[in-house]
Amino acid sequence: MGLVCVHCMHMLVNCSHQLSDRMKRSPLGYSDTVAVAMETSSSHLLRRGANFGRLLVSFFLVLTQLGFCSVYFVFLAENIKQVLEGNRSNGQEAGLDVRVYMLLLLPPLVMMSFIRDLRNMAVLSALANVAMAISLLLIFTYITSVREVGDAGRLPFVSSWRKFPFFFGTAIFAFEGIGVVLPLENQMQYPGRFPAALNVGMGVVIVLYVALATLGYLHFGDDIKGSITLNLPHDSWSNQLVKVLYCLGVCVSFVVQFFVPADILLPPLLAHVTDSWRRPIEFLLRALLVCLTCVMAILVPRLDLVISLVGAVSSSALALVFPPLVELLLLCPATPPHPLPPSPPLAPSLPLSVLLKDATIVLLGILGFLTGTYVTLEEIISPDDHSHRHGNDTWTTPATWSTATPTHTLFNVTHTL
């Protein structure tokens, strides 16, 4: 799944470059890339719907990034709750409800959302990567130095079919960073180095995901929770330090992810505001968006379900559906400047292998969207009483080791290159 997502990222970047060169335009964002691809299509219907395509991609971008921010609210609240209350009653439920912690997190995250330029986040993002690297080292040390690691015989080799849609949503959420790919490339000092940065960053992410997820599952088994940090015992200062460091990193990632919806929604809303009121109105709108993500997290305060739902509903479309469709439109004959005989249905510039590859990825994205959304909503509305649950533990496919690493790694590598 990670390799497919990386391939789609490269596909989107290449299509954006070709379209901007063809149209003699400045670097394009995601929504503009889709719109220009539709505008240059040989289909009259697609050309007329170019603006709708732009709005549709913008809608999914906003939905995905705000969904990420909601996940961060749940992640932060659950981990902070464990840090502050973990030693009470031997780790049993006690103290404040996790939703209260979400409300307490609201003021500082609102203040952080007032940062308006990604370039101002370079140092903080680097520090967040250092904090997460230290946390990863501590987690690896713990899960490889205690009992039961490597005893794969006690675990099922294949999960039930109902968990595969959850796996799809979780995996897409984990690897989907396509919403910030073009903004990062456009702000690089040397954009030509972006493909290498993308390969390095996502390669590191894939290796870490697979290694830590496998070792974590071997150690914790079916008791694995939505984040591996929630499985760490409370009787060690190093485990508590892991949660604190990850919370600091996720706070920084919140700002990076929040940049995309703010950049899409705020300019048209502020276009009719006078200069004297522009700044306070912008801050007010940013605060309202953060409050919206907090409300979404309070409504569904289970980390695994929020991750799977965001991944299935919106990330699947952005990561797997739109990039192959843009490539197909780009390889099909463009609209000629004057009437010409109609082209054959399959143009010579569109190899059959590319058509089959892109169609397979699109079908995978659509199937994952439908099944993942249905199963996750069903679990939210009426939890399955026959599922494997342990108290407050989750039964769905566990999330991997972090909710912030892909964007953080990409941001830091691109800044370095």
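Keep in mind the model is a prediction, meaning the values are calculated, not measured.

(A) Just the pattern of salt bridges, in detail. One pass over the structure, following the stated rule, counts 10 salt bridges. Residue Arg-99 is joined to Asp-97 by a salt bridge in which the shortest nitrogen-to-oxygen separation is 3.3 Å. Look at Arg-99 and you get partly exposed, because its relative accessible area is 34%. In this structure, Arg-302 and Asp-304 form a salt bridge, with 3.1 Å as the shortest nitrogen-oxygen distance. With a relative accessible area of 19%, Arg-302 lands in the buried category.

(B) Examining helix α4 (residues 50–85) more closely. Helix length check: α4, at 36 residues, gives a terminal C-alpha distance of 52 Å against a target of 52 Å (1.5 Å per residue), a fit within 8%. Counting buried positions along α4 yields 26 of 36 residues, so the element is predominantly enclosed.

(C) Inspection of unusual backbone geometry at higher detail. The residue Lys-24 is not glycine, and still its phi comes out positive at about 55°. If you trace the backbone, Lys-24 turns up in the loop between α1 (2–23) and α2 (30–39).

(D) Structural view of the packing of α1 against helix α9 (residues 194–220). At their nearest, the axes of α1 and α9 sit 11 Å apart, and the two run at 165° to each other. Classified by the angle their axes make, α1 and α9 are roughly antiparallel. As α1 runs across α9, the sense of the crossing is right-handed. For the pair α1 and α9, contact is made by Gly-2, Leu-3, Val-6, Met-9, His-10 and Val-13 and by Phe-194, Pro-195, Leu-198, Asn-199, Met-202 and Ile-206, respectively. By residue class, the composition of the contact of α1 with α9 is 9 nonpolar, 3 polar and no charged.

(E) Region of interest: the packing of aromatic side chains. Summed over all chains, the structure comprises 8 aromatic pairs. With a centroid separation of 5.6 Å and an interplanar angle of 70°, the aromatic rings of Phe-59 and Phe-60 are classed as edge-to-face. Residue Phe-59 is classed as partly exposed on the basis of its relative accessible area, which comes to 48%. For Phe-60, a relative accessible area of 15% corresponds to the buried category. With centroids separated by 5.7 Å and ring planes inclined at 90°, the aromatic side chains of Phe-73 and Phe-254 adopt a geometry described as edge-to-face. Here Phe-73 is found in helix α4, whereas its partner Phe-254 is found in helix α10 (residues 237–270), with 181 residues between them in sequence.

Each value, and the rule that gives it
Residues numbered from 1 in each chain as written. Predicted model: local features only at pLDDT ≥ 70, side-chain atom pairs only at ≥ 80, totals over all residues. Heavy atoms only, no water. Salt bridge = Lys/Arg side-chain N within 4 Å of Asp/Glu carboxyl O. Buried < 20%, exposed > 50% of the residue type's maximum accessible area, 1.4 Å probe, protein only. Helix = DSSP H or I, 4+ residues; strand = E, 2+ residues; numbered from the N terminus. Expected span 1.5 Å × (residues − 1). Axes fitted to C-alpha atoms, helices over the stretch in contact; angles between N-to-C directions. Parallel < 35°, antiparallel > 145°, perpendicular 65-115°, else oblique. Left-handed = near helix turned anticlockwise from the far one by under 90°. Contact = heavy atoms within 4.5 Å. Nonpolar A, V, L, I, M, F, W, Y, C, P; charged D, E, K, R; others polar. Phe/Tyr/Trp six-rings, centres within 6.5 Å; stacked < 30°, edge-to-face > 60°.

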